[in-house]
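Letter by letter, the chains look like this.
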Amino acid sequence: MTTYPDLDIPEDGKLAQNIAHFARALRKAGLPVGPGRILDAVNAVAAAGFDRREDFYFTLQAIFVSRPEERALFAQVFRLFWRDPRYLDQMMSLLLPQVQGVQDDRIAQAAEKRAAEALLDGQLPPAPRDQPEGDEIEIDASATMSAEERLKTLDFEQMSAEEITDARRMLAKLSLPVQPLKTRRSAPSTLTARIDARRTLREAMRTGGEIARLAHKAPVPRWPNLVVLCDISGSMADYSRMVLHFVHAVANRKGQGWAKVHAFTFGTRLTNITRHLRARDVDAALKAAGSEAQDWSGGTRIGQSLHAFNRDWSRRVLGQGAVVLLITDGLDRDDTALLAREAERLHLSCRRLIWLNPLLRWTGFAPKAAGIRALLPHVDSFRAGHSIASMEALGRAISEKDDRGEKERLLALLRN
């Protein structure tokens, strides 16, 4: 009987079945794995052999990995599925440390939690036997909203670890579509809306002045850039992580209309994280962005950060009718005159400036802070940014040039 000294593979002749289960876990973790690749993997392993772990690993990687950014996720799923005999305990420490009562001090690597979630497939461990069983409580849930609807309206800051995981999945599915901009440029078209007189006469000259057919043209659509300025100070840290998950999904999803998506973080200084968000794996992207932004969960200097953006980046990224999303609570203790001046310059440099503020979750919110009063007159729209529902509302309103959100109501409070 064949033995596998360096792999945790059963000796019952079910290698193909185990490869199929492994491929299923990869697909749940986010890799595009189909039945064809499973058959290719079984044939490749049979041809290459599997006496050494390295050969087995790179054979499967050659079949299942098609992009460089997928390697980290493949490595984590492979380690947990094939190599570690106690992978279940490690996965539970990553996903539900509160169940065991001990916090895991080891920092999870990129894609490690996603690999654990894919292998567990949403199954939770049984309750400890030494805990006394409580009385059963019957709850009539007929009048309650569904878990998904409740999660949409829940504040990001109030979510548990399990709810945050579910919310990130929902954010990854949201879209932020935008309408193209009208331009004066045109191109040949089969549509009959506009006649291209110049091209019609030019073609007629080739036939002795006889117009055989009319040429037509249509406007060339131009798509704007999306620029995100995200506050990562201490009061915004929980919201910023969730918003950046949403921005990552927008940056990596085609067909929404954006020409380019640029992202910047600011606390005490401005950091460009655009290149990090291009990574397909969201965990790896945000880990790299967090390493780049050294001022995470620190203080906030909104005016200085906007000044740095206007000075160093506005001409590079705000052309072509860019839309700017400013995500901040507006609580700035620096010079409010500087903040107002830089916000006005930013507003004049872009097509639309939309401010997302998590403080709008309070029904009695009023623009009392000096930073909020300095920013408010210079934005086109002022909207909440504290839940999945607020992100969905942003997707519906971003192409509406008349959308003002709560700006007019709050400006009325300022005037009174």
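Above this text you will find the structure in question.
Before going into details, it helps to say that this report is about the structure given with it. What you see is a predicted model, and the numbers here were worked out from it, not measured in a lab. (Residues numbered from 1 in each chain as written. Predicted model: local features only at pLDDT ≥ 70, side-chain atom pairs only at ≥ 80, totals over all residues. Heavy atoms only, no water.)

## Some words on the environment of valine 45
- On the secondary structure map, valine 45 appears in helix 2 (residues 35–48).
- Residues valine 45 and aspartate 55 lie 10 residues apart in sequence; the distance between their C-alpha atoms is 8.8 Å. (Helix = DSSP H or I, 4+ residues; strand = E, 2+ residues; numbered from the N terminus.)

## Structural notes on the packing of aromatic side chains
- This structure, assessed with the given rule, holds 13 aromatic pairs.
- Here tyrosine 57 and phenylalanine 78 contribute two aromatic rings whose centre-to-centre distance is 4.9 Å and whose plane-to-plane angle is 85°, an arrangement assigned as edge-to-face. Highlighted residues: tyrosine 57 in helix 3 (residues 53–64) and phenylalanine 78 in helix 4 (residues 71–83), separated in sequence by 21 residues. Pair check on accessibility: tyrosine 57 and phenylalanine 78 agree, each one buried.
- One aromatic cluster in this structure is built from Phe22, Phe56, Tyr57, Phe58, Phe64, Phe74 and Phe78.
- The ring of tryptophan 313 has arginine 316 lying over it, and the distance from NZ or CZ to the ring centre is 4.6 Å. (Phe/Tyr/Trp six-rings, centres within 6.5 Å; stacked < 30°, edge-to-face > 60°. Buried < 20%, exposed > 50% of the residue type's maximum accessible area, 1.4 Å probe, protein only. Lys NZ or Arg CZ within 6 Å of the ring centre and 35° of its normal.)

## Side note on empty space enclosed by the protein
- In total, this model carries 1 cavity of 30 Å³ or more according to the counting rule given.
- In this structure, the largest cavity encloses a volume near 30 Å³.
- Lining of the largest cavity is provided by Leu176, Leu226, Val228, Phe246, Val247, Val250 and Leu325.
- The set of elements that each furnish at least two residues to the lining of the largest cavity consists of strand 4 (226–231) and helix 11 (237–251).
- Ranked by residue count, the leading element in the lining of the largest cavity is helix 11, at 3 residues.
- Taken together, the residues of the lining of the largest cavity break down into 7 nonpolar, no polar and no charged. (1 Å grid on protein atoms, 1.4 Å probe; cavity = no way out; pocket = protein on both sides within 12 Å on 5 of 7 lines; lining within 4 Å. Points joined across faces, edges and corners; volume = space filled by probe spheres on them. Nonpolar A, V, L, I, M, F, W, Y, C, P; charged D, E, K, R; others polar.)

## Examining the packing of helix 9 (residues 161–173) against helix 11
- Axis separation between helix 9 and helix 11 bottoms out at 8 Å; the angle between their running directions is 30°. Between helix 9 and helix 11, the interaxial angle falls into the category roughly parallel. Considering only the axes of helix 9 and helix 11, their crossing is right-handed. Facing Ile164, Ala167, Arg168, Leu171 and Ala172 of helix 9, the residues of helix 11 in contact are Met242, His245, Phe246 and Ala249.
- Class assignment for the residues of the contact of helix 9 with helix 11 results in 7 nonpolar, 1 polar and 1 charged. (Axes fitted to C-alpha atoms, helices over the stretch in contact; angles between N-to-C directions. Parallel < 35°, antiparallel > 145°, perpendicular 65-115°, else oblique. Left-handed = near helix turned anticlockwise from the far one by under 90°. Contact = heavy atoms within 4.5 Å.)

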